[in-house]
Every structure is written in C-alpha cells, then in structure tokens.
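# Residue-level structure breakdown
The lines below spell out each chain.
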Amino acid sequence: MDKPQISGDTIIVPSDTTYLAEVDEFVESKLTAAGVSSSLTADLAISITEIVNNAILHGNKNDPKKLVTVTLKLGQDDVEVSIKDEGQGFEPDSIPSPIDEANLLNQVGRGIFIVRSLMDSVDFRFTSGGTEVILRKKIKE
Amino acid sequence: MKLSHKEIDGVIVLEPKGKIMGGPDATLLHDMLHDFIDQNKKKVVIDLSKVEWMNSTGLGILISGLTTLRNNGGELKLACVTEKIESLLTITKLITVFENYDTVEDAVKSFK
C-alpha cells in the first residue's frame, strides 16, 4: 500500500509521518460529524496522532511496508479508538516521567504521558503480530 | 501547518499556523528556528495565536529551540498561547520553563 486507505470508520496508513495530517483529517471529520465538541475532538486528535506517530517511528520503525490501522468506535456516550502497528512492542511503564525535574527539558518522552492525561483510559495489547493501543474517552458531558 | 516570520526591533517572531503534530510540517518549524540560531539571531518569540493544537512533537521542538538558544546566550519566549496549548504546557509542567506573554508586543518588549 503506498497511500492511506479509508473504509468506514477505519483508516490504514503506510509507516510515513507524512500521512499524520490525513489521519487527523479523518478523525476530525468523523468526530465532528458525530457532534463531538471541538475541544474533545482536539483532545482525541492530539492523542491519536501522538500514538500513530509512535507506531510509525518506534513500532514500525518507518518501514513503509508495515501499516498502522486506526479504527474509531463511536458510541452514544463515548468513543473507543484502536491503533495497531506491526512492531515489537514496548514497556509503557519503563518510560521515565517527563515531569520529573531532571527530564523537564528532554525533547522527547512526553507522548504517552500526554495521552494518559487527555484520555479516560489507555490500554496496551502486545501480540506477536504487533501492538494495539486502545483509547477511550467520554464524549457526552 | 504553515509558517511565516517577521523581525520586530531585532527580535525574530515566528508565526506557525494550523496544527503541529509531527512529520514534515514540524520539521519546517524546527529548521526555521535553527536557521535563525545559525544566523546568530538569539531573541525569538513564537506567536502561537494561530496554532490550533500541538502534540508532544511540537512541545519537543519548542524545548529544542529554547535549550539551543539558552546555550548560546539567547532566549525563546511564547506569545498568545491558546487555551488548548496552555493546558498541555500545564500538564507537562513546561509552563514553568517558558516565559509566556499575552501579546507579541509584550514578548518583544520583554527583551529590552
């Protein structure tokens, strides 16, 4: 696959960060159409692009033959987002806290921390085929 | 993201517009920031009024610019931070690291 493919509530992208903007556009169009507020849409778009960026760079290691699959499940009150890569996985709890004084000026290492702050829950599933990150967020007050 | 810049009283004001989420758009901001540092322009303001949001890639670029400038005797300041970005700066405690002004004019004046 040499370009993103959209099917219903799923977008599949090759491992190239050039396609982050298309993931964002897909996510924002689906959430806006579902009547999700602009602030919550931004929180979800920030979180999804964050995880997709990690999946491309760290999971699939920029291998264009490997894909990242993003699926939105929009419910009445909440949204669940699945982001799958084909990488070897990682240990989420081994990432140093970016808010420790010693790490405050680090250029990287804030992604998962930000996503955990913005979402209601973040779960990781590691399998031989890759990593799946599942985000959940209430969309009704 | 689109990026423009101007110079006011010897201070470089960078004006990104859109979203800073990684990929080639983010490289633009990083490269322009470092081009000015290479030209010995050490007083920089980033006007964030037209940035809808950024993720950790954007924050990393701001930190990279700040530390490079400070290591060279300069400073990077923020102006017109939107509510969404201020919330990210607060979550990550970077609000304590950056000088942050309500207007570009105030940020520029603070260099005097």
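Worth saying up front: this structure is predicted, and the values here are computed from it rather than measured. (Residues numbered from 1 in each chain as written. Chains lettered and ligands numbered in written order. Predicted model: local features only at pLDDT ≥ 70, side-chain atom pairs only at ≥ 80, totals over all residues. Heavy atoms only, no water.)

### Some words on the interface of chain B and chain A
Taken residue by residue, the interface counts 24 residues in chain B and 25 residues in chain A. Carbon and sulfur atoms supply 65% of the area buried between chain B and chain A, which totals about 2000 Å² over both sides. On the surface where chain B and chain A come into contact, there are 3 salt bridges. The salt bridge partner of Asp-24 of chain A is Lys-19 of chain B, with a shortest N-O separation of 2.8 Å. Put simply, chain B and chain A have 8 residue pairs in polar contact (both at pLDDT 80 or more) between them. (Contact = heavy atoms within 4.5 Å. Buried area = accessible area lost by both parts, 1.4 Å probe. Salt bridge = Lys/Arg side-chain N within 4 Å of Asp/Glu carboxyl O. Polar contact = N/O pair within 3.5 Å; in protein donor to acceptor, adjacent residues only side chain to side chain.)

### A word on the pairing of strand β5 (residues 121-127) of chain A
Residues and elements named next belong to chain A. Two elements, β5 and strand β6 (residues 130-138), share 7 bridges in a ladder whose sense is antiparallel. Directly across from Phe-126, in β6, lies its bridge partner Thr-131. Following β5, the chain reverses through 2 residues before pairing antiparallel with β6. (Pairing = 2+ DSSP bridges. Helix = DSSP H or I, 4+ residues; strand = E, 2+ residues; numbered from the N terminus.)

### Things to note about a nonpolar patch on the surface
Residues and elements named next belong to chain A. Together, Phe-90, Ile-95 and Phe-126 make up an exposed nonpolar region whose accessible area comes to about 250 Å². Of note, Ile-95 is situated in the loop between β4 (78-84) and α3 (111-118). Judged by relative accessible area, which is 32%, Ile-95 ranks as partly exposed. (Patch = residues over 30% accessible without salt bridge, like charges linked within 9 Å, V, L, I, M, F, W, Y side chains within 5 Å. Areas by Shrake-Rupley, 256 points an atom, 1.4 Å probe, with all protein chains shown as cover. Buried < 20%, exposed > 50% of the residue type's maximum accessible area, 1.4 Å probe, protein only.)

### Examining α3 of chain A
Burial in α3 of chain A covers these residues: Gly-111, Ile-112, Ile-114, Val-115 and Leu-118 of chain A. Buried residues of α3 of chain A, seen end-on, are gathered within an arc of 160° and therefore sit on one face of the element. Those residues of α3 of chain A that are buried lie in contact with α2 (38-59), β5 and β6 of chain A together with α2 (56-71) and α3 (83-91) of chain B. (Arc of directions from axis to C-beta.)

### Here we look at the packing of aromatic side chains
Per the counting criterion, the structure on display carries 3 aromatic pairs over all chains. Centroid distance Phe-90 of chain A to Phe-124 of chain A: 5.5 Å. Interplanar angle 85°. Geometry classified as edge-to-face. With Phe-90 of chain A in the loop between β4 and α3 and Phe-124 of chain A in strand β5, this residue pair connects regions lying 34 residues apart in the sequence. Classification of Phe-90 of chain A as partly exposed rests on a relative accessible area of 36%. Ring geometry for Phe-124 of chain A against Phe-126 of chain A: centres 6.2 Å apart, planes inclined by 0°, an arrangement best described as stacked. Chaining the aromatic ring pairs together yields one cluster made of Phe-90, Phe-124 and Phe-126 of chain A. Above the plane of the ring of Phe-111 of chain B lies Lys-77 of chain B, whose end atom (NZ or CZ) is 4.3 Å from the centre. (Phe/Tyr/Trp six-rings, centres within 6.5 Å; stacked < 30°, edge-to-face > 60°. Lys NZ or Arg CZ within 6 Å of the ring centre and 35° of its normal.)

### Quick look at the sheet that holds β4 of chain A
Residues and elements named next belong to chain A. Spatial strand order, β1-β2-β3-β4-β6-β5: 6 strands in an open sheet with antiparallel pairing. Looking at strand neighbours, the two that pair on one side only are β1 (5-7) and β5, the edges of this open sheet. Neighbour to neighbour, the strand axes of the sheet diverge by 15° on average, direction disregarded. For β4 and β6, the ladder comprises 7 bridges, and the chain directions are antiparallel. Residue pairing for β6: Ser-82 is matched across the bridge by Ile-134. Across the face of the sheet, α3 comes into contact with β5 and β6 while running at roughly 130° to β5. (Axes fitted to C-alpha atoms, helices over the stretch in contact; angles between N-to-C directions.)

Everything listed here is a matter of coordinates, which is why it stays silent on function.
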